[in-house]
Amino acid sequence: MQHDQGVNPTPSKPSARVALLGTGNVGKAVLDRLAAWTGTPRGASLALVHAGNSRGALRAGRLCPADVRRRLLDGSPWHADPVLANLSGVADALAGNDPAHRIIIDATASSEVADNHPRWLAQGIHVVTACKLGLGTTLERWQAIHDAAAHGNARYGDSATVGAGLPLLRNIRDLQAGGDTIHAIAGVLSGSLAWLFNHYDGKKPFSEMVDEARQAGYTEPDPREDLTGDDVRRKILILARAAGVPLASDEVEVESLLDLAGRETGQDRHGARRDDSVVPPPLEALLQRRHRDAAARGAQLRYIARLQNGGATVRLETLDATHPLASGAGTDNKLAIWSDRYRDQPLVIQGPGAGAEVTAAGLLDDALRIARSTPD
Ligand SMILES: NC(=O)C1=CN([C@@H]2O[C@H](COP(=O)(O)OP(=O)(O)OC[C@H]3O[C@@H](n4cnc5c(N)ncnc54)[C@H](OP(=O)(O)O)[C@@H]3O)[C@@H](O)[C@H]2O)C=CC1
Ligand SMILES: N[C@@H](CC=O)C(=O)O
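Let me begin by describing the structure that accompanies this report. (Residues numbered from 1 in each chain as written. Chains lettered and ligands numbered in written order. Predicted model: local features only at pLDDT ≥ 70, side-chain atom pairs only at ≥ 80, totals over all residues. Heavy atoms only, no water.)

**Brief notes about the pairing of strand β10 (residues 311-320)**
- For strand β8 (residues 252-254) and β10, the ladder comprises three bridges, and the chain directions are parallel. What sits directly across from glutamate 253, in β10, is threonine 313.
- Relative to β10, strand β9 (residues 299-308) runs antiparallel, the two sharing ten bridges. Opposite arginine 302, over in β10, you have glutamate 317 as the bridge partner.
- Hairpin connection of β9 to β10: two residues between the antiparallel strands, including asparagine 309 at a positive phi of 50°. (Pairing = 2+ DSSP bridges. Helix = DSSP H or I, 4+ residues; strand = E, 2+ residues; numbered from the N terminus.)

**Some remarks on the sheet that holds strand β5 (residues 126-129)**
- With mixed pairing, six strands are arranged side by side in an open sheet as β3-β2-β1-β4-β5-β6. Each edge of the sheet is formed by a strand with only one pairing partner; in this case those strands are β3 (57-59) and β6 (156-157).
- One ladder, built from four bridges, connects strand β4 (residues 102-106) with β5; its direction is parallel. Bridged to isoleucine 105 within β5 is valine 128.

**Structural notes on the site of ligand 2**
- Taken together, Lys132, Leu189, Ser190, Gly191, Ser192, Tyr218, Thr219, Glu220, Asp226, Asp231, Lys235 and Gly353 make up the full set of residues near ligand 2.
- Lysine 132 has a polar side-chain atom sitting 2.8 Å from an oxygen atom of ligand 2.
- In the model, a nitrogen atom of ligand 2 is placed 2.7 Å from a nitrogen or oxygen of the aspartate 226 side chain.
- Here ligand 2, which alone exposes 250 Å², has 93% of that area covered by the protein.
- Those elements that provide at least two residues to the shell around ligand 2 are α8 (191-199) and α11 (230-242). (Near = heavy atom within 4 Å. Polar contact = N/O pair within 3.5 Å; in protein donor to acceptor, adjacent residues only side chain to side chain. Areas by Shrake-Rupley, 256 points an atom, 1.4 Å probe, with all protein chains shown as cover.)

**Focus: the site of ligand 1**
- Lining the immediate environment of ligand 1, one finds 25 residues, of which Ser54, Arg55, Thr108, Glu220 and Gly355 sit closest.
- For ligand 1, an oxygen atom lies 2.8 Å from a polar atom in the backbone of valine 26.
- Between ligand 1 and glutamate 220 there is a distance of 2.5 Å, counted from an oxygen atom to a side-chain nitrogen or oxygen.
- Here ligand 1 loses 84% of its free accessible area of 920 Å² to cover by the protein chains.
- At the level of secondary structure, the elements contributing two or more residues to the shell around ligand 1 comprise α1 (25-36) and α5 (111-122).

This is the structure in structure tokens:
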């Protein structure tokens, strides 16, 4: 394991020490991006000192990202120390004698990791996360993160939590910083469901396509999180709260695709056996019919989140082809923002909204912004 890449073009500013949690789809893409920066100023500004997953962690004064990545990829044993996987020790891995920034990158979907965000922030450790469980679940946890960040004078990088790094939260915050008031937002916030509805033609089973989306790294680790709308619920909560509407989780009215199907057959999804298919036959039939009806009038199925009049909804909608939210390709997310400034015509932001590479880029954008700022 290489410990020092020997590049530090800005000796006045020590490299930020970085701990990466999660080495799945997104974590691997973070390692790839860091590896590609080896020998560049970007690479020099971020020193990876800890890389861990649920089974163990590697730790060194400076880990070589390509080496960590190779160990994960080539099937060679992942010689990580399981003791180092203990989250209580991650802060120790970031300790040092210089005033460098300390950054934890959360590329997990772990509630246990999200529970630790406030503790790390309060210790002055910056947290950069793709996981929505920090800001997108209970108001208490959201508040705890804000309070801890203020207390520890630490930053919380959340760009990757909505739109997989698209500049959605940044634009909402910039508008407000300029004195604008957000009145409503609406959008396609699930990259996997966007991809599914962009490709679904009623012929190939939806279940097969969900599997393809999972293999492409667009879905949550458990695709049911996407199909139930829970993932989009978290995203609209994060956006709403950033826009100054502190909604509680149960204040978002969510139409789960799985419940839609259950409603049709009178079955309760909560009664489903664990080994049931992710896409039960009634949902296949329902989507086939909804797709056929939409296509017959040149319309599109879209899973839309809306925030207006202090409330939020998430549901499957049939949109005319001319509707501003109907167009898009691949995993495109699309967000329309109405504000004082954009009263009649909304500000619309569109682009790929899922995938490991764009998400890793969003995470590292946040990490670099922190690394380049002056440590207190
Ligand atoms: N895929 C996408 O397009 C996007 C994903 N995200 C978010 O990124 C996150 C990661 O997604 P993805 O990479 O697909 O998920 P994966 O399931 O592929 O990877 C999750 C990783 O987290 C690790 N992990 C779980 N618990 C812990 C723990 N306690 N400590 C350290 N590591 C832990 C897992 O360990 P192990 O390897 O041992 O199982 C695994 O390496 C999710 O929160 C997701 O919502 C956000 C935007 C877009
Ligand atoms: N599963 C998510 C991934 C990004 O957050 C999605 O489909 O958008």
